[in-house]
Amino acid sequence: MNPNPRKILIASGNSLFGKGLMGLIAQRWKKDPPEIRLSRQMAETLEMMESWQPDLVIVDYDDTTIDRGEFLRSFVSGDQPMQVMLVSLQASGAVVVYDRRTLTPAQAEDWLSVPWVSPEEPDVSKEQRSSTMRHFVIAGILIVLVATIVYLLLNTIGILPAPASVEAGPIDQLFTAHFLAIAVLFALITVLMVYSMIVFRQRKGDNTPGRNIKGSTRLEIFWTLIPLVVVLYFSYLGSATLDRTNAQAPDALEVDVLGGQWYWSFTYPDWDITTNELWLPVDRPVLFRLRSADVIHSFWVPEWRVKQDLLPGENFVRELRVTPTEEGQFQLLCAEMCGVRHAYMVSPVYVVSQDEFNTWVNEQTQAIDLDPAARGQKWAQDAGCFSCHSIDGSDSIGPTWLGLYDSERELVSGETVEVDDDYLFTAIVDPDVHVAEGFRPGVMPQDYETRLTEEQIEDIIEFIESLE
Amino acid sequence: MKTGILSIGLVRGLLFQAAGFLAGVAVVTVIRLAFGMGFSAEPAIVLGAFFSAIGFMIGVGAFSGWFANALGKPAIPPEEVEEPSGFKRYLGVSYDHKVIGVQYGMLTIAALFLGGSFALIFRSELVAPGMQLIGLQQFNTLIGLHGMVAIVGMLLGGAALGNFLVPLLIGAKDMAFPRLNAFAFWLAVPAVVLVLSSMAAGGFDTGWTAYPPLSIFANMGMQLFFAGVVVFGWSSVLGALNIVATVLRMRAPGMSLFRMPIFVWGSLATSIIAMTATQLIGLSFQLVMFERLFGMGFFNPANGGNPILFQHLFWFYSHPAVYIFVLPGFAVISELLPVFARKPLFGYRWVAMSSLGIALVGFLVWAHHMFTSGMEEYLRVPFMYTTLLVAVPTGVKFFSWTGTLWEGKIRFTVPMLFVLGAMNVFLLGGLTGPILGTIPTDLHLHDSYFVVGHFHNTMFGGFVFPFIAAVHYWFPKITGRKMSDLLGRITFFILLPSFWIQTLGQMQVGLLGMRRRVADYDTLPEFQTTHIFITVAGFLVGLAFVIFMYNVIRSAMKGEVAVGNVWESRSPEWELLPNPAPKHNYPQPLVVTGDPYDYSLTDTEYVELVPVAGATD
Amino acid sequence: MSVQPYPAETHPVDAHPVENLRHRERTNRLGLWLFILSDSFVFGALLFTRFYLLGNNRPELIQWLGLVVTVVLLASSFFMNRAEVQMSLGNRQGFLRNTLVTIVLGSLFLIGVVGVEWQVAHFGPADGAQGAIFYTMTGFHAFHVFTGVIFLSLVYRNAKKGLYSAEHHWPVEAAAVYWHFVDLVWIFFYPALYLIGTAL
């Protein structure tokens, strides 16, 4: 037990203040409990300061019965070490500590002249309130105006490509809803900002501060709850729109899509056709089964609005359902970075009438040309060879086929080979065995042996031979 | 070595980095030869990369204190270490948080300049269809480096602000761990070198997001990119940890959490994210490195892996990362608005809590980057809900800022211009978020140029504009001089409209169907006109930034001397300290005697220095 | 209310009241726990990876070997705790003995995992997802055990030089907390790799 415990005097007209503090202090300093006395009246406080000489006086700053001037006089007049702690519970728990020996005149003046802190919002005069109302009204009108203009702008300047699928319908509706929200919120904040910048700018020579608004709990709750409701609503809208987009049609036309670096290949299992152009009949639901041959690609026709990534691996086939509603020619774009020629991984899409589609199917299945070279050209086209090999002599990822057959080529290993049937066959089914000088291994797909029949490969070789 | 070029820490560091690289290459080669395997470049350069980082740190001298400790020798306490004077002190190890803050700041500006320059190169290429200036692989490498270097720049910028300001604002002498502070900064330098060195190893064609399987097949440059980012991640984590510890332990007496300057809240929330989530980009990149080096089947289905796993791990960091970029910027806005509106920050507590709210919700939204990835279907809708939820605490900030301006007395100083510009640009960024966050609209917009527009809005509004504001504002406290007001205004009035043109153009082509990350585009639809606008605007943005850089450098040397509380701020570093701030900040402890933002109560103070016993003033 | 009055004579003019040894140690402690929080994210992500790729399957491993190394590691934590207690009681010899046992057990763990298990496992790192996961998880963990052993060795040496006291031995506490953390990670990794799910 400390023989000289610290002496604390708590001065407040509010008995709860004193008792509460006493309890806190006793709990906090169990090891070395100070001696605490309470005083509820001015006179008692002054008397105890002189006779008992506490080390610390804790004063309830909000207590209007305390005469600060008198207290201050008594405080500075003594010479025993003493500190005073001014505690205001109403001014967000403000605490100030002064030491008797070091109290400066400026601090004393501060203490005397600071007004009693009033809770929450300060008293607002009638003029103040009507002036604020006026500002709100003008700003409000401007907000409605600007929001309308922005919304109309977003909706009329044609910022989306013309919709061409069933799915685009609900998706474009969701876009419109977003445009509305964007227009309103943009107008709200921008108008308020610009209004403030003009109306509330500090004029020359005026050094007075702005209005003392520290906050408003009501407003905070309002502008937390309203946005919360709005975002929940938009999430619901998004979910509902997604359901409409994912609607499953029972007898969809099935197309298997294989994407690889840097080609598209489409197989129609109904007729066993494989092409590198996407032909579809209008107004017929399509079920795309998407798979990648190597890295991640992505299937996107902007006019259809929907998009789905292609993943490599047998277990990673993904589906995409679209119903094209507009005839015409479109572009299928790869929308996931897939390497050097990502920009060029584009295939044409032809949406035609049902009759025209049937005609096309017939052409694909029947007219297998009798000329092997012509067939070979078709197989090469479908298999995506022309993504990397030109037929006109120009440079590309792989060697040009023009003049390739029967030529002599140098390989990276240094040996020189003659490009004959055997060489070309190996070059197609096992590309990395012979790598031509100036080109790299590991680029050409390794799976042509499974994707093409032997006859098809021979036809392709015939085609290459024909390119003198 | 006290004189000569080898006395400069940075120089020694770089030399040792080169030596470390060679050592790593040698070790791998020797081991491989001993096991009968031939020389292989990739594993050699990977170990070389990590050794080079260690080498740099040894060379610059960042290990010295701890090394002594480990050997049981007493080390000089950080605050007593003598440092060279003049500019040289910024080129070596310093334990002074203000010096480190400036070092971070200089590296920030260098990174932004470099990353921006990369962009101007490929933007020039994009002016017309066809490839005129650079090759396809170069294009892909440049967009990837532009992304990562800009990201690094923003992480460094947040660290710069946090390091310089937090101790000053909480009344501390320095950070909680001064030596760790220096260490974390210097780690960033070899990291940046490694990232840039990817250009010398064939570049990489994946973009900064480095998705496998493409990143598994990419050139060797990919490994240097990965190694650099992993090392940078450690820098980020350690620096953030320091800030958290400092904020929680080193505040002046009387400064409860709700009486700190609001910037400290932003820095705290930022650092909590940086300290935790960053580990996941490090890990995800390391796993790809292992897959490349050892054939480990994490992400390539051909090896038994799952490519979507990478995206989960990667975005678990990379989404919260964007809040690391913008929370310090938001905090700067909150900090400066009261000063230049001469009224309290509206709803201080709510603003403080909203930073933590954004940080928390930010951890729950990552899969909105994966809506089209083919991930588990049941994940899409919940992530849409959480994504839109982030708008709520962000809205609290915006409304509070607007409330702070309302009925104020607005002073249009240069920092204030950039703060207002930041609000304007981020408003656009924030409003273009939800349209990406609802799945059906994202199906159209994902991987389109619209996304590029969106994130440049958020990054410029949330980081670039506030960073420029902060540099202008605190410049006198750093250097004792003012930046040129005229040049500042020129910077602003070039930057804001140019950026608007750039971003509207990007969003327009994206909505119309242009993909991102494409080196070339067709003549139809007609995108070229917009691309010309975007490129010209981009060059003007670059011009504004160069003017800013010139302003910084010239003012540091010859700017007008700034005496006293230049902005009439209530903040402790302005009220109680001269310009520039002295070495250990406050000569005596400070105590909180009022609210930080009571600008309307002109006869109150926020902080005071505790009077010294026996002193006469 | 958090202001505490401080009589002027108890704080020197140019030092802050916060700067004393106890404050320093508490700050260091916070730093260490923040570091551990950060590091947990790495191990958490590895656990996520394991379950994402393997689901309800697990690698086929030698159970008794896994059990042995687990027991060794848990035992090492026991001795680590004893060591720390001895240090706080001022018993330097007790501390040194127990720390040495910890180091030995930790090294045995490393030999058991990297030296034995990795060699005898019937799959290699490139053998599909199970190989990738097993070697990476145990590798990251082993790296942390290794750095822990180094940390402990330094602390051992410095304790021998008499640098620590019963009241002030922060590096001992730090090494111990780090060691227990690494042990805790294994308490999650061991079931995830050896016990949960059906063997492949």
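Residues numbered from 1 in each chain as written. Chains lettered and ligands numbered in written order. Predicted model: local features only at pLDDT ≥ 70, side-chain atom pairs only at ≥ 80, totals over all residues. Heavy atoms only, no water.

1. Remarks on the overall build of chain A
Counted only if it meets this: Helix numbers and strand numbers start at the N terminus; a helix is a DSSP run of H or I with at least 4 residues, a strand a run of E with at least 2. Both definitions apply: the radius of gyration is a C-alpha atom measure, and the globule rule equals 2.2 Å times residues to the power 0.38. Here's how the labels work: a residue is buried when its accessible area is under 20% of the maximum for its type, exposed when over 50%, partly exposed in between, all with a 1.4 Å probe on protein chains only. Every residue pair with non-hydrogen atoms within 4.5 Å of one another is taken to be in contact. A 1.4 Å probe and the Shrake-Rupley method give the accessible areas. Residues count as covered only by the protein chains that appear here.
Helix and strand counts for chain A stand at 12 helices and 17 strands. In terms of C-alpha radius of gyration, chain A reaches 42 Å, well past the compact-globule figure of 23 Å for 468 residues. Seen through its C-alpha atoms, chain A measures out along the principal axes to roughly 120 × 60 × 50 Å. Expressed as a percentage of the 468 residues in chain A, the buried residues total 46%. Residue pairs in contact within chain A that sit at least 24 positions apart in sequence constitute 65% of those at least 6 positions apart. On chain A, roughly 23,800 Å² of surface is accessible, and the fraction owed to carbon and sulfur atoms is 55%.

2. Brief notes about the environment of B:Phe164
Residue and element names in this part refer to chain B. With respect to the helices, strands and loops of the structure, Phe164 is situated in helix α5 (residues 136-170). Along the chain, Phe164 and Pro582 lie 418 residues apart, while their C-alpha atoms are 12 Å from each other. Among all residues touching Phe164, those that are not within four sequence positions of it are His97, Lys98, Gly101, Val102, Lys477 and Ile478.

3. Concerning the state of the cysteines
All names here are of chain A. Applicable threshold: Note that a disulfide, as used here, is simply two cysteine sulfur atoms within 2.5 Å.
Within the structure shown, the criterion is met by zero disulfides over all chains. Cys388 carries a free sulfur, and the closest cysteine sulfur to it, the one in Cys385, is 8.9 Å from it. Classification of Cys388 as buried rests on a relative accessible area of 14%.

4. Here's the deal with the sheet that holds strand β7 (residues 263-268) of chain A
Residue and element names in this part refer to chain A. Going by this rule: Pairing between two strands is assigned when DSSP locates at least 2 bridges connecting them. Axis definition: a line fit to C-alpha positions, over the contact stretch in the case of helices; interaxial angles, taken between N-to-C directions, run 0 to 180 degrees.
An order of β8-β7-β6-β10-β13 is seen for the five strands of this open sheet, with the pairing classed as mixed. Each end of this open sheet is capped by a strand with a single partner; those strands are β8 (273-275) and β13 (318-322). The mean inter-strand angle of the sheet, taken between neighbouring strand axes irrespective of direction, is 25°. Of the pairings in the sheet, the one linking β7 to β8 comprises three bridges and is antiparallel in character. Within β8, the position partnered with Tyr268 by the bridge is Ile273. Contacts from helix α8 (residues 354-365) reach β6 (253-260), β7 and β8, with the element oriented near 95° to β8.

5. Structural notes on the sheet that holds strand β9 (residues 278-281) of chain A
The strands that make up a sheet pair up through hydrogen bonds in the backbone, lying either parallel or antiparallel. Residues and elements named next belong to chain A. Sheet architecture is open: five strands sit in the order β9-β15-β14-β11-β12, paired in mixed fashion. One side of each edge strand has no neighbouring strand; the edge strands of this open sheet are β9 and β12 (307-310). Ignoring strand direction, the axes of neighbouring strands in this sheet form an average angle of 25°. Here β9 pairs with strand β15 (residues 346-352) via four bridges, running parallel. Bridge pairing links Trp279 to Tyr350 in β15.

6. Section: the confidence of the model for chain A
To keep it simple, the criterion reads: A score between 0 and 100, pLDDT records how confident the predictor is in each residue.
Model confidence for chain A is summarised by a mean pLDDT of 87, while 94% of its residues fall at 70 or above. Predicted confidence for residues 116-121 of chain A stays below pLDDT 50, and this span has nine contacts to residues more than four positions away or in other chains.

7. Some points on the interface of chain B and chain A
Interface size, as often reported, equals the accessible area lost upon joining of the parts. As a reminder of what qualifies: As a working definition, buried area equals the accessible area (1.4 Å probe) given up by two parts on being put together, with both sides summed. We count a salt bridge whenever a side-chain nitrogen from Lys or Arg sits within 4 Å of a carboxyl oxygen from Asp or Glu.
Chain B puts 98 residues into the contact, and the matching count from chain A is 97 residues. The junction of chain B with chain A conceals about 8,200 Å² of combined surface from both sides, 66% of it contributed by carbon and sulfur atoms. It is B:Trp406, B:Glu407 and B:Arg515 in chain B that bury the most area against chain A; as a group they hold 10% of the surface buried on that side. Joining chain B to chain A, the criterion identifies four salt bridges.

8. Focus: helix α10 (residues 307-341) of chain B
Residue and element names in this part refer to chain B. Note the threshold: Given the number of residues in a helix, its expected span is that number minus one, multiplied by 1.5 Å. Working definition for bend: take the seven residues up to and ending at a residue and the seven starting at it, fit an axis to each, and measure the angle between the axes. Within 3.5 Å is the distance limit for a polar contact, defined as a pair of N or O atoms, with the added protein rule that one can donate a hydrogen and the other accept it, and that residues adjacent in sequence qualify only through two side-chain atoms.
In this model, α10 (35 residues) spans 51 Å end to end at C-alpha, consistent with the 51 Å of a helix rising 1.5 Å per residue. At Trp315, α10 shows its maximal kink, close to 35°. Taking the backbone nitrogen of Ile308 as reference, a side-chain oxygen 2.9 Å away marks Asn306 as the first, capping residue of α10. After α10 finishes, the residue Arg342 shows a positive phi value of roughly 55°.

9. Focus on the nonpolar core
Our working definition: Residues belong to a common nonpolar core when they are buried Ala, Val, Leu, Ile, Met, Phe, Trp, Tyr or Cys residues joined through side-chain atoms within 4.5 Å.
Core analysis: the largest hydrophobic core is formed by 347 residues, its most contacted members being A:Val255, A:Leu278, A:Phe288, A:Phe299, A:Trp304, B:Phe225 and B:Phe285. The dominant element in this core, judged by the number of residues it contributes, is α10(B), at 22 residues. Ignoring any residue separated from it by four or fewer positions in sequence, one finds B:Phe285 in contact with B:Trp208, B:Ala210, B:Phe225, B:Phe226, B:Val229, B:Val230, B:Phe310 and B:Phe314. Counting 22 residues, the second-largest nonpolar core is a separate cluster that includes A:Trp401, A:Leu404, A:Ile428 and A:Ile457.

10. Digging into the environment of C:Ser77
Residue and element names in this part refer to chain C. Secondary-structure assignment places Ser77 in helix α2 (residues 63-88). The sequence separation of Ser77 and Ala159 amounts to 82 residues, and the corresponding C-alpha distance is 19 Å. Ignoring any residue separated from it by four or fewer positions in sequence, one finds Ser77 in contact with Trp179, His180 and Asp183. At a separation of 3.0 Å, a polar atom in the side chain of Ser77 contacts the side chain of His180.

11. Section: the pattern of salt bridges
Across all of its chains, the model carries 18 salt bridges over all chains by this definition. Across the salt bridge formed by A:Glu35 and A:Arg37, the nearest N and O atoms sit 3.3 Å from each other. Residue class for A:Glu35 comes out partly exposed when judged on its relative accessible area of 32%. A salt bridge links C:Glu173 to C:Arg29; the nearest nitrogen and oxygen atoms lie 2.7 Å apart. Placement of the pair is C:Glu173 in helix α5 (residues 170-195) and C:Arg29 in helix α1 (residues 21-54), with a sequence separation of 144 residues. Assessed through its relative accessible area of 29%, C:Arg29 is described here as partly exposed. The network of salt bridges with shared partners includes A:Lys214, B:Asp595 and B:Asp598.

12. Examining the side chain of B:Thr270
Residue and element names in this part refer to chain B. Structurally, Thr270 can be placed in helix α9 (residues 262-294). Since its relative accessible area comes to 7%, Thr270 is described here as buried. Residues in contact with Thr270, not counting those within four places in the same chain, are Ile324, Leu327 and Pro328.

13. Description of the packing of aromatic side chains
What counts here: Only centres within 6.5 Å qualify two rings of Phe, Tyr or Trp (six-membered ring in Trp) as a pair; their planes then separate them into stacked at under 30 degrees, edge-to-face at over 60, and tilted for everything else. Geometrically, a charge over a ring is one whose NZ (Lys) or CZ (Arg) sits within 6 Å of the ring centre while staying within 35 degrees of the ring normal.
The full count for this structure, using the stated rule, is 82 aromatic pairs over all chains. Look at A:Phe288 and A:Trp304: their rings are 6.4 Å apart centre to centre, the planes differ by 25°, and that puts the pair in the stacked class. Taken together, the residues span a long stretch of sequence, with A:Phe288 in strand β10 (residues 286-292) and A:Trp304 in the loop between β11 (297-300) and β12 at a distance of 16 residues. Relative accessible area serves as the criterion here: at 0%, A:Phe288 is assigned to the buried category. Measuring from ring centre to ring centre gives 6.1 Å for B:Phe56 and B:Trp186, while their planes differ by 35°; the resulting arrangement is tilted. Taken together, the residues span a long stretch of sequence, with B:Phe56 in helix α2 (residues 41-60) and B:Trp186 in helix α6 (residues 178-197) at a distance of 130 residues. As far as the burial class goes, B:Phe56 and B:Trp186 line up, both buried. An aromatic cluster of at least three residues, connected via ring pairs, comprises B:Phe204, B:Trp208, B:Tyr211, B:Phe225, B:Phe226, B:Phe285, B:Phe298, B:Phe299, B:Phe310, B:Phe314 and B:Trp315. Above the plane of the ring of A:Trp300 lies A:Lys307, whose end atom (NZ or CZ) is 4.0 Å from the centre.

14. Overview of unusual backbone geometry
The omega angle of the peptide bond from A:Gln261 to A:Trp262 is 5°, so this bond is cis rather than trans. If you trace the backbone, A:Trp262 turns up in the loop between β6 and β7. In this structure, the amide linkage connecting B:Pro212 to the following residue, B:Pro213, adopts the cis form with an omega of 0°. Checked against the element boundaries, B:Pro213 lands in the loop between α6 and α7 (214-217). Its identity is not glycine, yet B:Arg342 carries a phi of approximately 55°, on the positive side. In this fold, B:Arg342 is placed in the loop between α10 and α11 (348-362).

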